[in-house]
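# Fold and contact review
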Amino acid sequence: MRGAFIEKHGAQVLRWMENYLKEISELPVTPNVSPGEIFNKIPDKAPEKPIPFESIFKDFEDFILPGMTHWQHPGYYGYFPANNSDPSILAEMVTATMGAQCMLWVTSPAATELEEKMMNWLQDGIGLPDSFSGVIQDTASTATICALLTAREKATDFKINEEGFYGQRPFTIYCSEEAHSSVDKAVKIAGFGSKYLRKIAVDEHLAMIPEALEAAIKNDKENGLVPLCVIATFGTTGTTAIDPLLDIGHIAEHHRIWYHIDAAYLGTMLLLPEKQHLAKGFKKADSFLFNPHKWMFTNFDCTAYFVKDPQSLVHTFAATPEYLRTEADNQVHNYRDWGIQLGRRFRALKLWFVIGSYGMEGIRSRLREHLSIAEWLLKEINNEPDFEVMAPLTSNLVCFRLTKPGQNPDTITEQLMKNLNRTRKIFLTHTRIRNKFAIRMVCGQTHITLEDVQRSWQLIREEATKI
Ligand SMILES: *Cc1c(COP(=O)(O)O)cnc(C)c1O
């Protein structure tokens, strides 16, 4: 009987969830496994006969869990966080229970209308004017592809969709040297060709130099190429550097090229009114994205994508075979036309649960807490003669390296990071800043506390003395 299975095993799973989250700090943050080890523990053939759930779950605990990286662990400082939170977890369970496919308004009107409202809430929260329209995409990578495709179609009066690139002059795309690799990928996928992607030089703050952008656009025009789109980053992945959004906006306006802003990680910080001045000029964007699934306590995946001209977006993607036509088409959003995939998960529910449970005030105070923890860490690092801060602090990401007289800082910093990761008490990743090796430490876990970071910093100093 439907329902009995969940009643019977759900309690065990819920107990496990509670314990996992309660005791996560006692787990090693990363798994100690070698390639193929887990693959070889799983039978080669699918089972013919049903296996009792208890037994499946035991295998999960015995084989799978020890092979996981615990992204919600307080010692996880790598890449950028992929935060969850209790209300977000419950929303994902509810979403999975309904199993709705929310491609059209008619396939679940509430999903479409809640999504529209949640995008309005976020837009209002980050200070984007309501002349923008929002839609949830799965990832920032997808949203950037959407931006490039829409830019391409708008610039050619939707001709490339019809006729392909044949006979067109090459289009050029611009981003900074510090932009995310998803831009390189999007340029390839959208058909522009990597050789027409211009990586503009950055200044001492690792932000795009507007004069260099202007010069590159002019140079390309003189050579008969067609500048199409500039992508600015609000919070680069290496160091959360911020491109000069207003200056870039003026240049994009002047040359009439599409202006896309990638704020995947740092966009969440714009929920703080006192930080909105850092994004001055972002209203000039044609498209803007940020990821609640990074820093806004909302389970992966959930990217908020805002556009000034939703008609162009829909015109780029719409494809309506007879079986997808509905009577409501003229009165509602059918989000299948706002992006690449037809099928869509019900992602708005987790945003609603998260924003409702924390309140905007609760979200803001958590973000401010993270920022003040990073400031504490920065001060500590500055006070240690053997350590050097490597980039200006713009968020809750601190970049640093180890320096000791007579030793190559790149080598010893990399060694320090490896030794620290080998303890499996914390997990750090690195970047290269002007070709110097730097450890990145992101203090952005949903529930991270100053005490967690104090403990980690103590460990870092201890390991550093051993090198
Ligand atoms: C993380 C990140 C991305 C990629 O995000 P996905 O949602 O995983 O595609 C893109 N741009 C920047 C600046 C990022 O930090």
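Look a little higher up for the structure.
The structure contained in this document is the topic of the report that follows. (Residues numbered from 1 in each chain as written. Predicted model: local features only at pLDDT ≥ 70, side-chain atom pairs only at ≥ 80, totals over all residues. Heavy atoms only, no water.)

Bringing a nonpolar patch on the surface into the picture now. Together, Leu14, Leu90 and Met93 line one region of the surface with nonpolar side chains, adding up to about 250 Å² of accessible area. Mapping Leu14 onto the fold places it in helix 1 (residues 4-23). (Patch = residues over 30% accessible without salt bridge, like charges linked within 9 Å, V, L, I, M, F, W, Y side chains within 5 Å. Areas by Shrake-Rupley, 256 points an atom, 1.4 Å probe, with all protein chains shown as cover. Salt bridge = Lys/Arg side-chain N within 4 Å of Asp/Glu carboxyl O. Helix = DSSP H or I, 4+ residues; strand = E, 2+ residues; numbered from the N terminus.)

Okay, the pairing of strand 7 (residues 303-307) next. Counting buried positions over the 5 residues of strand 7 gives 5, a clear majority of the element. The side-chain alternation of strand 7 yields two buried faces, one formed by Thr303, Tyr305 and Val307 and the other by Ala304 and Phe306. Here strand 1 (residues 133-137) runs beside strand 7; their pairing, made up of 5 bridges, is antiparallel. The residue of strand 7 that forms the bridge with Ser133 is Val307. (Buried < 20%, exposed > 50% of the residue type's maximum accessible area, 1.4 Å probe, protein only. Pairing = 2+ DSSP bridges.)

Time to look at the site of the ligand. Of all residues adjacent to the ligand, which total 13 residues, the nearest are Ala140, Ser141, Asp262, Asn291 and Lys294. For the ligand, an oxygen atom lies 3.0 Å from a polar atom in the side chain of Asn291. Between the ligand and His293, the relevant distance is 3.3 Å, taken from an oxygen atom to a side-chain nitrogen or oxygen of the residue. The fraction of the free accessible surface of the ligand (380 Å²) that becomes covered by protein chains is 88%. Of all the secondary-structure elements, those providing two or more residues to the shell around the ligand are helix 5 (140-155) and helix 10 (292-295). For the shell around the ligand, the residue count by class is 3 nonpolar, 8 polar and 2 charged. (Near = heavy atom within 4 Å. Polar contact = N/O pair within 3.5 Å; in protein donor to acceptor, adjacent residues only side chain to side chain. Nonpolar A, V, L, I, M, F, W, Y, C, P; charged D, E, K, R; others polar.)

The 7 strands are arranged 1-7-6-5-4-2-3 in an open sheet whose pairing can be described as mixed. The sheet is open, and its two borders are formed by strand 1 and strand 3 (197-200), each paired with just one other strand. Within this sheet the neighbouring strands show an average axis-to-axis angle of 20°, counted without direction. Bridge analysis of strand 5 (residues 258-262) against strand 6 (residues 287-290) gives 3 bridges, and the strand direction is parallel. Across the sheet, residue Ile261 finds its bridge partner in strand 6, namely Phe288. (Axes fitted to C-alpha atoms, helices over the stretch in contact; angles between N-to-C directions.)

On to the side chain of Thr446, then. Locating Thr446 in the fold gives a position in the loop between strand 11 (436-442) and helix 14 (450-465). The class for Thr446 is buried, based on a relative accessible area of 2%. Of the polar contacts made by the side chain of Thr446, one reaches the backbone oxygen of Asn84; its length is 2.7 Å.

Attention now goes to the sheet that holds strand 10 (residues 429-433). As summarised here, the arrangement of the 4 strands in space is 8-9-11-10, forming an open sheet in which the pairing is antiparallel. Two strands lie at the open edges of the sheet, namely strand 8 (387-389) and strand 10, each paired on one side alone. Along the sheet, successive strands turn relative to each other by an average axial angle of 40°, direction set aside.

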